[in-house]
Amino acid sequence: VTIWQCRGIDFQENHFHHLDKEGVYGIDFSASFTNVNLFNNLNDGISILSTSPGASDVEILGTKIDDDVYENSFIDNERHIFANGTQLLHGLTVKYNYFENAPKGIQINQKVRFNIEYNEFDTHSTAIDVHSSGSSANFIKCNDITNGCIGINADGNNSRTKFTSNGFISYKYDFNMD
């Protein structure tokens, strides 16, 4: 799916399998990914790009009802989520999702407002990779990160990014900061 300058798109119960490129590739758009979407064996599960700061606003949300979690799943992709310059009201929200087996789980480049919380990452070279996200109040919190090389990598200016209550099991480096 390719999106250019569209607002309010809602993806529910979609399965993206074995495609040559991305499951969803969007420029300057807003969308919600809710209710059990699957991204499997792709280059990028979701690519979010902006031609100017703040032009994209994306929520990738599983749902928690009592103790049950209905999550979006990202499995065996080269990179599950790529975001570049998403700073509208909410920016990028990634919550209650499952990520398995990729060189990079979530990669964030340049000025991005984001909140990554309550996700599960299993078997990644780098689970969360943040490059120069700027001075927005960003959060990476309460994620379970297991089996890999670098749990969270942060380099460049990430001056107001907070990393709290993340759990790491079997990573060579839980956290790397340059």
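For the structure itself, look to the data block above.
Anyway, here's the lowdown on the structure attached to this text.

Basis of the calculations
- Residues numbered from 1 in each chain as written.
- Predicted model: local features only at pLDDT ≥ 70, side-chain atom pairs only at ≥ 80, totals over all residues.
- Heavy atoms only, no water.
- Helix = DSSP H or I, 4+ residues; strand = E, 2+ residues; numbered from the N terminus.
- Rg over C-alpha atoms; globule rule 2.2 N^0.38 Å.
- Buried < 20%, exposed > 50% of the residue type's maximum accessible area, 1.4 Å probe, protein only.
- Contact = heavy atoms within 4.5 Å.
- Areas by Shrake-Rupley, 256 points an atom, 1.4 Å probe, with all protein chains shown as cover.
- Lys, Arg positive; Asp, Glu negative; His and termini not counted.
- Charge placed at Lys NZ, Arg CZ, Asp CG, Glu CD.
- Salt bridge = Lys/Arg side-chain N within 4 Å of Asp/Glu carboxyl O.
- Pairing = 2+ DSSP bridges.
- Patch = residues over 30% accessible without salt bridge, like charges linked within 9 Å, V, L, I, M, F, W, Y side chains within 5 Å.
- Polar contact = N/O pair within 3.5 Å; in protein donor to acceptor, adjacent residues only side chain to side chain.
- Core = buried A, V, L, I, M, F, W, Y, C linked by side-chain atoms within 4.5 Å.

Points about the overall build of the protein
Here's step 1: If you tally the helices and strands in the protein, you get zero helices and 20 strands.
Here's step 2: For 178 residues, the compact-globule estimate of 2.2 N^0.38 gives 16 Å, and the protein sits close to it at 15 Å.
Here's step 3: Projected onto its principal axes, the C-alpha coordinates of the protein cover approximately 40 × 35 × 35 Å.
Here's step 4: In the protein, which comprises 178 residues, the share counted as buried stands at 52%.
Here's step 5: Long-range contacts, defined as pairs at least 24 residues apart, comprise 52% of the intrachain contacts of the protein with a sequence gap of at least 6.
Here's step 6: Approximately 8200 Å² of the protein is accessible, and the part contributed by carbon and sulfur atoms is 46%.
Here's step 7: Computing the positive centroid from 12 side-chain charges and the negative centroid from 23, the protein places the two 11 Å apart.

Brief notes about the pattern of salt bridges
Here's step 1: This structure, assessed with the given rule, holds four salt bridges.
Here's step 2: In this structure, arginine 79 engages aspartate 44 in a salt bridge whose closest nitrogen and oxygen atoms are separated by 2.9 Å. Linking arginine 79 in strand β12 (residues 79-84) with aspartate 44 in strand β7 (residues 44-49), this pair joins segments that are 35 residues apart in sequence.
Here's step 3: In this structure aspartate 44 comes out as buried when scored by relative accessible area, which is 3%.
Here's step 4: Here glutamate 117 and lysine 95 are joined by a salt bridge, their closest N and O atoms 3.7 Å apart.

Points about the pairing of strand β16 (residues 120-131)
Here's step 1: Sheet analysis places strand β14 (residues 97-109) next to β16, joined by nine bridges and oriented parallel. Following the sheet pairing, alanine 102 is matched in β16 by histidine 124.
Here's step 2: Summarising the sheet, β16 and strand β18 (residues 144-155) pair through nine bridges and their orientation is parallel. Paired with valine 130 across the strands is alanine 154, a residue of β18.

Digging into a nonpolar patch on the surface
Here's step 1: A contiguous nonpolar surface patch, about 250 Å² in accessible area, is contributed by Val36, Ile65 and Tyr70.
Here's step 2: Relative to the elements of secondary structure, isoleucine 65 occurs in strand β9 (residues 63-65).
Here's step 3: Judged by its relative accessible area of 46%, isoleucine 65 is partly exposed.

Re the side chain of asparagine 77
Here's step 1: In this fold, asparagine 77 is placed in the loop between β11 (72-75) and β12.
Here's step 2: Polar contacts involving the side chain of asparagine 77 include one to the main-chain carbonyl oxygen of phenylalanine 39, which spans 3.1 Å.

Some thoughts on the environment of glycine 156
Here's step 1: Within the element layout of this structure, glycine 156 appears in the loop between β18 and β19 (162-164).
Here's step 2: Those residues in contact with glycine 156 that sit more than four places away from it in its chain are Ser132 and Asp178.

Some thoughts on the nonpolar core
Here's step 1: Of all hydrophobic cores here, the largest spans 32 residues; its most connected members are Phe33, Ile60, Leu92 and Ile128.
Here's step 2: It is β16 that provides the largest number of residues to this core, a total of four residues.
Here's step 3: When residues no more than four places from it in sequence are discounted, the contact partners of isoleucine 60 are Phe33, Ile46, Asn72, Phe74, Ile81, Leu92, Thr93, Val94, Lys95 and Asn97.

Remarks on the side chain of asparagine 109
Here's step 1: Mapped onto the secondary structure, asparagine 109 falls in strand β14.
Here's step 2: Look at asparagine 109 and you get buried, because its relative accessible area is 18%.
Here's step 3: Beyond its immediate sequence surroundings of up to four residues, asparagine 109 is in contact with Phe82, Ala83, Asn84, Gly85 and His131.

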